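Single-letter residue listing:
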Amino acid sequence: MNISLDIWTWISAILTLFIFSFLYGDNPFYKFAEHIFVGVSVGYTIAITWHNFLYPDLIVPVFKQGNLINLIPAFLGVLYFSVFFKNLSWMIRIPIGFLLGYGSGVAIPAIFQANIIRQIQGSLLTPKILERKDLLIGSIISLFGIISTIIYFFFSREQKGVSKILAKCGIVFLMIGFGASFGFTVMARVSLLLGRLQFLLRDWLGLIK
Amino acid sequence: MQRSLPLGLCFIMGILMILQFFSPHPISQQFFDTIIKWIRIISAFALVLGVRSISLRHIETVKRRKSGYIYSIFTLLALVVTAVLGLVFGIGPKAPIRTIFNNILVPLGATMFSILAFYMASAAYRAFRARTIEATLLLIAAFIVMLGMVPIGNWISPHFPSIAEWLLSVPNMAAKRGILFGVALGVIATSLKIILGIERGWLGGRR
């Protein structure tokens, strides 16, 4: 046994145990760690925002390079504080409108390209795939699964006959997909858990190598 | 003015962003880079509102000595200490905030997510009872994927890892793509409604 003498390892270990104590039930130790987590997260975000965004994008260009155009977003940002004045509170809509317009405008072509065009490209049976027998069966099943899943979510017409059969196949694909995703997520969480246990037993207590 | 100005700004920004996507011209790219910087600056100001909100809530709890006010003191202390250390000493690799990040934020975050493994296991016990064919399929798929990812799965049968990989890359991918098409069309429709001013929920009240 080779217990760590590093104060930060002890702090990490104790906070880790405090969080694990929630498995027994809500308790003061967990609440303490939870509140520390919130406080540190917000403090960290403030520091990162200042050093990565405000200082290089606003302070340096405006005060050191004389690039006054960056005062426009600063003015838009200041409009957020109009919410504190009853008569001017409507002005908060201006930066929100700017951000929403930006977000929506960027999302339309980007989502169309990444989530529709690229996904259709990836699902098609191209001549390359038709040549490779090892990929062909999987690709045909995948294409059938995509079509049947989409048909399952098609509610504009009553599902009967062929569409009902396809919709049922869609449910099968969805259930297998949900199960596989669930299994994958559980294993990711278990991996995190193992990482924390490894930290406690190896880095803190020195019980394992 | 109170509604038309923000709506107009939203429309102009939306159209400009769509147009710039299709233009590879350097001016278009420069415009996009500038707008990204602007967005970061505007968002930074929004953070002030968030910090004010969380600080006021905890200060109020401490002032009124509400139950659990002692935890609010710790939250405020952690917030102030981390922020001051970060602002004064920077965020470089050897800055004190890195030590806080590596020894408090990362372990706490990882442990929070890791305890979900226990709750997922108990939820799975309730949800995965094989009452129907669909539930049985879900159970079998999850079981195979979990076994395929650990050494014991390979020990039981060397086929488990490859079956798990196939499940993830074929039926799982097919189901996800089917859902993704719907989600993408939904995002595009909602974005268009916002740009064109059909969706106005974000304007808040009627004034």
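Residues numbered from 1 in each chain as written. Chains lettered and ligands numbered in written order. Predicted model: local features only at pLDDT ≥ 70, side-chain atom pairs only at ≥ 80, totals over all residues.

Asks: Explanation requested: the overall build of chain A in the structure shown.
Replies: Summing up its helical and strand segments, chain A has seven helices and zero strands in all. Counting helices and strands in the order they occur from the N terminus, chain A gives α-α-α-α-α-α-α. Taking 209 residues into account, the globule formula puts the C-alpha radius of gyration at 17 Å, and chain A, at 27 Å, lies well above it. Along the longest, intermediate and shortest principal axes, the C-alpha atoms of chain A span 65 × 60 × 40 Å. Scored against the burial criterion, the 209 residues of chain A give a buried share of 32%. Counted over contacts in chain A with a minimum sequence separation of 6, partners at least 24 positions apart contribute 24%. (Helix = DSSP H or I, 4+ residues; strand = E, 2+ residues; numbered from the N terminus. Rg over C-alpha atoms; globule rule 2.2 N^0.38 Å. Buried ≥ 20, exposed ≤ 12 C-beta atoms within 10 Å, placed from the backbone. Contact = placed C-beta atoms within 7 Å.)

Asks: Looking at this structure, how should I read the confidence of the model for chain B?
Replies: Where the model shows low pLDDT, its predicted coordinates should not be examined in detail. Confidence along chain B averages 91 in pLDDT terms, with 98% of residues attaining 70 or more. Reported confidence for the predicted complex is 0.87 by ipTM and 0.86 by pTM. (pLDDT = per-residue confidence, 0-100.)

Asks: Would you mind going over the environment of Phe22(B) with me for this structure?
Replies: The topology assignment puts Phe22(B) in the loop between helix H1 (4–21) and helix H2 (26–63). A C-alpha to C-alpha distance of 43 Å links Phe22(B) and Ile100(B), two positions 78 residues apart in sequence.

Asks: Would you explain the domain arrangement of chain B in this entry?
Replies: Note: interface size is frequently given as the accessible area lost on complex formation between the parts. By domain assignment, chain B separates into domain 1 (16–89) and domain 2 (116–169). The centre of domain 1 of chain B, based on its C-alpha atoms, is set 40 Å off from the matching centre of domain 2 of chain B. (Domains from an automatic or database assignment.)

Asks: Any chance you could explain the interface of chain A and chain B here in plain terms?
Replies: Taken together, the contact pairs 93 residues of chain A with 99 residues of chain B. Only helix H1 (7–20), helix H2 (28–64), helix H3 (71–78), helix H4 (93–123), helix H6 (133–152) and helix H7 (162–204) of chain A provide two or more residues apiece to the side of chain A that touches chain B. The greatest single-element share of the side of chain A that touches chain B, amounting to 24 residues, is contributed by H2(A). Of the residues assigned to the side of chain A that touches chain B, the class counts are 61 nonpolar, 27 polar and five charged. (Nonpolar A, V, L, I, M, F, W, Y, C, P; charged D, E, K, R; others polar.)

Asks: Would you mind showing me how to read H2(B) here?
Replies: Every α-helix winds through 3.6 residues per turn, so residues three or four apart in the chain are directed the same way. The end-to-end C-alpha distance of H2(B) is 55 Å, a good match for the 56 Å that 38 residues give at a rise of 1.5 Å each. When we look at burial in H2(B), the residues that qualify are Trp38(B), Ile39(B), Ile41(B), Ile42(B), Ala44(B), Phe45(B) and His58(B). The inward-facing, buried residues of H2(B) contact H2, H3 and H4 of chain A together with helix H3 (69–89) of chain B. Immediately beyond the C-terminal end of H2(B), within one or two residues, lies Arg65(B), with a positive phi of roughly 50°. (Expected span 1.5 Å × (residues − 1).)

Asks: Before we go on, may I ask you to explain the environment of Trp10(A) in this structure?
Replies: Residues and elements named next belong to chain A. If you trace the backbone, Trp10 turns up in helix H1. Looking at Trp10, the number of C-beta atoms within 10 Å reads 14, which means it is partly exposed. Sequence-wise, Trp10 and Gly122 are 112 residues apart; in three dimensions their C-alpha atoms are separated by 49 Å.

Asks: What's the story with the nonpolar core in this structure? I'm lost.
Replies: Soluble globular proteins: nonpolar side chains tend toward being buried together. In this structure, Phe98(A), Leu99(A), Tyr102(A), Cys10(B) and Ile42(B) are the most contacted members of the largest nonpolar core, which totals 29 residues. If you list the elements that add at least two residues to this core, you get H3 and H4 of chain A together with H1, H2 and helix H9 (171–195) of chain B. No other element matches H4(A), which puts nine residues into this core. (Core = buried A, V, L, I, M, F, W, Y, C linked by C-beta atoms within 7 Å.)

Asks: What exactly am I supposed to notice about unusual backbone geometry here?
Replies: Glycine aside, a negative phi is what most residues show, and trans is what most peptide bonds show. Residues and elements named next belong to chain B. Despite not being glycine, Arg65 shows a phi value in the positive range, around 50°. Residue position: Arg65 is located in the loop between H2 and H3. Since 8 C-beta atoms lie within 10 Å of it, Arg65 is described here as exposed.

Asks: Where do I start with the packing of H2(A) against H3(B) in this structure?
Replies: The packing of two helices is summarised by the inter-axis angle and the distance between the axes. One can describe the packing of H2(A) onto H3(B) by two numbers: an axis separation of 7 Å at closest approach and a directional angle of 25°. The pairing of H2(A) with H3(B) is recorded here as roughly parallel in orientation. As for how H2(A) packs across H3(B), the hand of that crossing is right-handed. (Axes fitted to C-alpha atoms, helices over the stretch in contact; angles between N-to-C directions. Parallel < 35°, antiparallel > 145°, perpendicular 65-115°, else oblique. Left-handed = near helix turned anticlockwise from the far one by under 90°.)

Asks: Help me understand the packing of H1(A) against helix H4 (residues 96–114) of chain B in this model?
Replies: Contact geometry for H1(A) and H4(B): axes closest at 9 Å, N-to-C directions at 20°. Considering their axes alone, H1(A) and H4(B) lie roughly parallel with respect to each other. The way H1(A) lies across H4(B) gives a crossing that is right-handed. Touching Trp8(A), Ile11(A), Ser12(A), Leu15(A), Thr16(A), Ile19(A) and Phe20(A) of H1(A) are Thr99(B), Asn103(B), Ile104(B), Pro107(B), Leu108(B), Thr111(B) and Met112(B), all from H4(B).

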